[in-house]
Amino acid sequence: MKKLMLGNQAVARGLWEAGCRFVSSYPGTPSTEITEQAALYDEIYAEWAPNEKVAAESAVGASLAGARSFCAMKHVGFNVAADPLFTASYIGVNGGMVVCVADDPGMHSSQNEQDSRHYAIAAKLPMLEPSDSGECAAFVGEAYELSERFDTPVMLRTCTRVAHSQSLVKLHERDEKALKPYEKTPQKYVAAPAISVKRHVVVEQRMEELRQLAETTPLNRVEMGDTAVGFVTSGTCYLYVKEAFPDASVLKLGLVNPMPVQKIRDFAAKVDRLIVVEELDGVIEAHLRANGIRVDGGKDLFGPLGELSQNKLRAAMGAALPKFRTYDEAVPGRPPVMCPGCPHRGLFTVLSKLKLTVLGDIGCYTLGSGAPLNAVDAVLCMGASIGMAHGFTKMLGEDAARKSVAVIGDSTFMHSGITGVVNLAYNKSIATVLVLDNSITGMTGHQQNPTTGLTLQNEETYPIRIEDVCRAAGIERVRVVDPQDMAATEAAIREELAADAPSVIIVRRPCALLKYVKHNPPLSIDPDKCKGCRSCMKIGCPAIRFTDKKASIDPTICVGCGLCEQMCKFDAFEGGARA
Amino acid sequence: MKTTSIMIVGVGGQGTLLASKLLGNVLLGAGYDVKLSEVHGMSQRGGSVVTYVKYGDKVYSPIVDQGEADYILSFEILESARWISYLKEGGHLITNTQKTWPMPVITGAAAYPENIVEKLSALADVTAVDALALAEQAGSAKAVNVVLIGVLSRRMDIPEAAWLKAIEETVPAKFLELNKKAFELGRNAG
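Predicted model, so just to flag it, every value in this text is computed and none were measured.

**Points about the side chain of Thr 452 of chain A**
All names here are of chain A.
Part 1: Relative to the elements of secondary structure, Thr 452 occurs in the loop between strand 16 (432–437) and helix 18 (466–472).
Part 2: Polar contacts involving the side chain of Thr 452 include one to the side chain of Gln 448, which spans 2.8 Å.
Part 3: The residues touching Thr 452, leaving out its near neighbours within four places in the chain, are Ser 439 and Ile 440.

**Brief notes about the pairing of strand 18 (residues 503–508) of chain A**
A regular strand carries its side chains on alternate faces of the sheet.
Residues and elements named next belong to chain A.
Part 1: Among the 6 residues in strand 18, 5 count as buried, and that is most of the element.
Part 2: As defined by bridge partners, strand 16 adjoins strand 18 across 6 bridges and the pair is classed as parallel. Bridging from a neighbouring strand, Leu 436 pairs with Val 507 of strand 18.
Part 3: Across 5 bridges, the pairing between strand 17 (residues 477–481) and strand 18 is parallel. Its bridge partner lying in strand 18, Arg 477 is registered against Ser 503.

**Considering the domain arrangement of chain A**
Residues and elements named next belong to chain A.
Part 1: With domains assigned, chain A is organised as domain 1 (2–216), domain 2 (221–316), domain 3 (343–508) and domain 4 (523–578).
Part 2: For domain 1 versus domain 2, the separation of C-alpha centres amounts to 25 Å.
Part 3: Contact residues are listed per partner, giving 31 residues for domain 1 and 28 residues for domain 2.
Part 4: When domain 1 packs against domain 2, close to 2300 Å² is buried across both sides, 56% of that on carbon and sulfur atoms.
Part 5: Linking domain 1 to domain 2 there are 3 salt bridges.
Part 6: Arg 161 serves as the salt-bridge partner of Glu 307, at 2.8 Å between the closest nitrogen and oxygen.
Part 7: The tally of links from domain 1 across to domain 2 stands at 20 residue pairs in polar contact (both at pLDDT 80 or more).
Part 8: If you list the elements that add at least two residues to the side of domain 1 that touches domain 2, you get helix 5 (117–123), strand 6 (127–128), helix 6 (133–150), strand 7 (154–159), helix 7 (160–163) and helix 9 (193–216).
Part 9: No other element matches helix 9, which puts 6 residues into the side of domain 1 that touches domain 2.
Part 10: The residue inventory of the side of domain 1 that touches domain 2, partitioned by class, reads 16 nonpolar, 5 polar and 10 charged.

**Remarks on the sheet that holds strand 9 (residues 221–223) of chain A**
All names here are of chain A.
Part 1: Overall, mixed pairing links the 4 strands, which are arranged 9-11-10-13 in an open sheet. The open sheet has two edge strands with one neighbour each: strand 9 and strand 13 (273–277). Neighbour-to-neighbour, the strand axes of the sheet open up by a mean angle of 20°, direction not taken into account.
Part 2: Relative to strand 11 (residues 248–253), strand 9 runs antiparallel, the two being bridged by 3 bridges. Bridge assignment links Glu 223 to a residue of strand 11, and that residue is Val 250.
Part 3: On the sheet, helix 12 (residues 283–290) packs against strand 10 (226–234), strand 11 and strand 13 and is oriented at approximately 140° with respect to strand 13.

**Thoughts on the environment of Glu 208 of chain A**
All names here are of chain A.
Part 1: With respect to the helices, strands and loops of the structure, Glu 208 is situated in helix 9.
Part 2: By relative accessible area, Glu 208 is classed as partly exposed at 37%.
Part 3: Linking Glu 208 and Pro 258, residues 50 residues apart in sequence, is a C-alpha distance of 8.5 Å.

**Let's talk about the side chain of Ser 147 of chain A**
Residues and elements named next belong to chain A.
Part 1: Within the secondary structure, Ser 147 sits in helix 6.
Part 2: With relative accessibility at 0%, the residue Ser 147 sits in the buried group.
Part 3: Every residue in contact with Ser 147, bar those within four places of it in the chain, is listed here: Val 93, Gly 96, Met 97, Thr 152, Pro 153 and Val 154.

**Considering the packing of aromatic side chains**
Part 1: On inspection of all chains with the given rule, the structure shows 9 aromatic pairs over all chains.
Part 2: Between Trp 83 of chain B and Tyr 86 of chain B the ring centres are 5.3 Å apart and the planes differ by 65°, which places this aromatic pair in the edge-to-face class. Of the two residues, Trp 83 of chain B and Tyr 86 of chain B, neither departs from the other in class, the shared state being buried.
Part 3: Aromatic rings pair up to connect Phe 78, Phe 86 and Tyr 119 of chain A into one cluster.
Part 4: Sitting over the ring of Tyr 238 of chain A, Lys 252 of chain A keeps its end group 5.4 Å from the ring centre.
Part 5: Positioned above the aromatic ring of Phe 546 of chain A, the side-chain terminus of Arg 534 of chain A is 4.3 Å from the ring centre.

**Some words on the interface of chain B and chain A**
Part 1: Each partner contributes to the interface: chain B provides 60 residues, whereas chain A provides 58 residues.
Part 2: Where chain B meets chain A, there are 5 salt bridges.
Part 3: Ionic pairing is found between Glu 243 of chain A and Lys 54 of chain B, a salt bridge with its closest N-O pair at 3.4 Å.
Part 4: At the junction of chain B with chain A, the criterion picks out 21 residue pairs in polar contact (both at pLDDT 80 or more).
Part 5: Ranked by the residues each element gives to the side of chain B that touches chain A, the list is headed by strand 2 (residues 33–37) of chain B, at 5 residues.
Part 6: Here the residues of the side of chain B that touches chain A are counted per class, giving 30 nonpolar, 15 polar and 15 charged.

Criteria and thresholds
Residues numbered from 1 in each chain as written. Chains lettered and ligands numbered in written order. Predicted model: local features only at pLDDT ≥ 70, side-chain atom pairs only at ≥ 80, totals over all residues. Heavy atoms only, no water. Helix = DSSP H or I, 4+ residues; strand = E, 2+ residues; numbered from the N terminus. Polar contact = N/O pair within 3.5 Å; in protein donor to acceptor, adjacent residues only side chain to side chain. Contact = heavy atoms within 4.5 Å. Buried < 20%, exposed > 50% of the residue type's maximum accessible area, 1.4 Å probe, protein only. Pairing = 2+ DSSP bridges. Domains from an automatic or database assignment. Buried area = accessible area lost by both parts, 1.4 Å probe. Salt bridge = Lys/Arg side-chain N within 4 Å of Asp/Glu carboxyl O. Nonpolar A, V, L, I, M, F, W, Y, C, P; charged D, E, K, R; others polar. Axes fitted to C-alpha atoms, helices over the stretch in contact; angles between N-to-C directions. Phe/Tyr/Trp six-rings, centres within 6.5 Å; stacked < 30°, edge-to-face > 60°. Lys NZ or Arg CZ within 6 Å of the ring centre and 35° of its normal.

So this is what it looks like as structure tokens:
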């Protein structure tokens, strides 16, 4: 039976079919749905971890216990999980272990475009790269076989176009795997210097054996066609090659670390021009060049930036492009914005008004950087706002501390903000931190986290209180405000900025998209009372328009939150909660 | 059969994903190889969103490039202007006439272009419908997506029964009648 499945859904199906029992992940676009889908199978224990490092360590523990285990993360999530995974390569596995890392070429929903293949090479972990949903499911099974045969965690690399595309998957039954007995084996599992010295030898031997396997595995496949050009490629790029040049010869790599040398050399000998097609960095190309294999085109043709596509391949290869016509007038951009009713809007309106330096973080509230709020000064990575605020205020002194804040979401705070707060107390900072608690992990599509009191399966669990965590970390000034009340929010921020101690303000209101959040009827504006002062436009709400020198409200998207009304000095708003 | 490419474009939150799911179910039921590609996350938040739907004997690339779309199904008229270069020569644009202002227009940094339908009609074969009005007539502004699928269905070589079956399989039971009505209104428009 075949079914249309999202790549992420197919990875989850592959986990179930391969007998996986344990999944732990932190959400991250484009990897999130794997774990949500895995949780739907009764045979798999699945959970949200507070961050990728804990998820990876938990998967290592489950593997030691003898289970086939798994964790998924986005490319930058691997940065967080890298510490355990680099050494997991040394201690190996008991039950098979697979780590999926989802890259985001083109940065549809990411802060950088790093190429995870470097990690596979650096951590000395084998890496498989599927092209579509069918391969997502099948390669998970292959990855577990390699993991147990070669005693190593195995990486599975996807990208946005694999993770978030749907294609047909052939379904199989589950191959139930009993727990492998755990035996105390310190000479393998204890990564202490004397032991790791010996394990490193094993790791290098294993990679050599995998290099041999790479020459013969059907994961690496030659499709001979016209021999004028031969493409070496993998993943989604294989599909672009087939679309643009269906008759050309192709060597498709399914195992991208380690790569075969002889197989590629033999392929190169059969074609007139050898072209390497890969998104982001020239990893395959560098491997070929290092092994003295002739490359007639690669990064010089396609560059290191963004996603590739069939037209980019055609253009780079000098082939004809499809004809098209363009709209010859400027089309205004449509950047993403905070939703109508978003609780972050009230806070960012206040921050914008106070003209503070805002050290931001990763989440929906990164959108506070956009016009007209323009309220964010810097965004780096998960949890970085607090550390950045610390360094910034230490160097610029008390005056700067009175004019700057860190802004971080509830899930991001749990992920890696806590250690930043510990540092503020320990190192005598007077910085002010705003924790935007919207009771959910928002940007990735509403996942539970340790503060929400619910597990991945929506079972009740202990709700970690952010205020308790901050107090326990040594912050004495901790308070809670509702960003819907902009006057109270402003007053609280002013007070904490003036304080001679580190402070945390928990800015608390649930995400407007949560099902239990009730909305008011839409507001309207009395055109006779509206003076056209544009004060209500300052909040950057997509439901407010301005035509003929008057503001008006789009009732199809207004949720009646009333923030705009708080901005109005002329009592021009009607409807909403009063209706 | 060669691959047919459809692009569904709109504004995050307009229900484009349900439209692509429905279309995928119809095409799968018709026995084609099908690929759908969508983008989640940051770009969903009221931004410009694009979904690709491709079908045929064997589909390779999951994305549609400039000059490749046989059909563009657009939920918002400015988005039609943005994506028209993806239509192939002889392709067909089906567009909602609804306008949703993007933030640069709201802030006054840019103007919303005028007479877009007329200008697009000079470039391509265009069917423009007020899908919001038809959706409201069917009972809910949220049914814009199914109205537009109805308009598209008239132009594709797939029996009406297959569309209705896919609607039954895709939408929740309590909204079934509303969506069937929205589909019929769309099918009979344009």
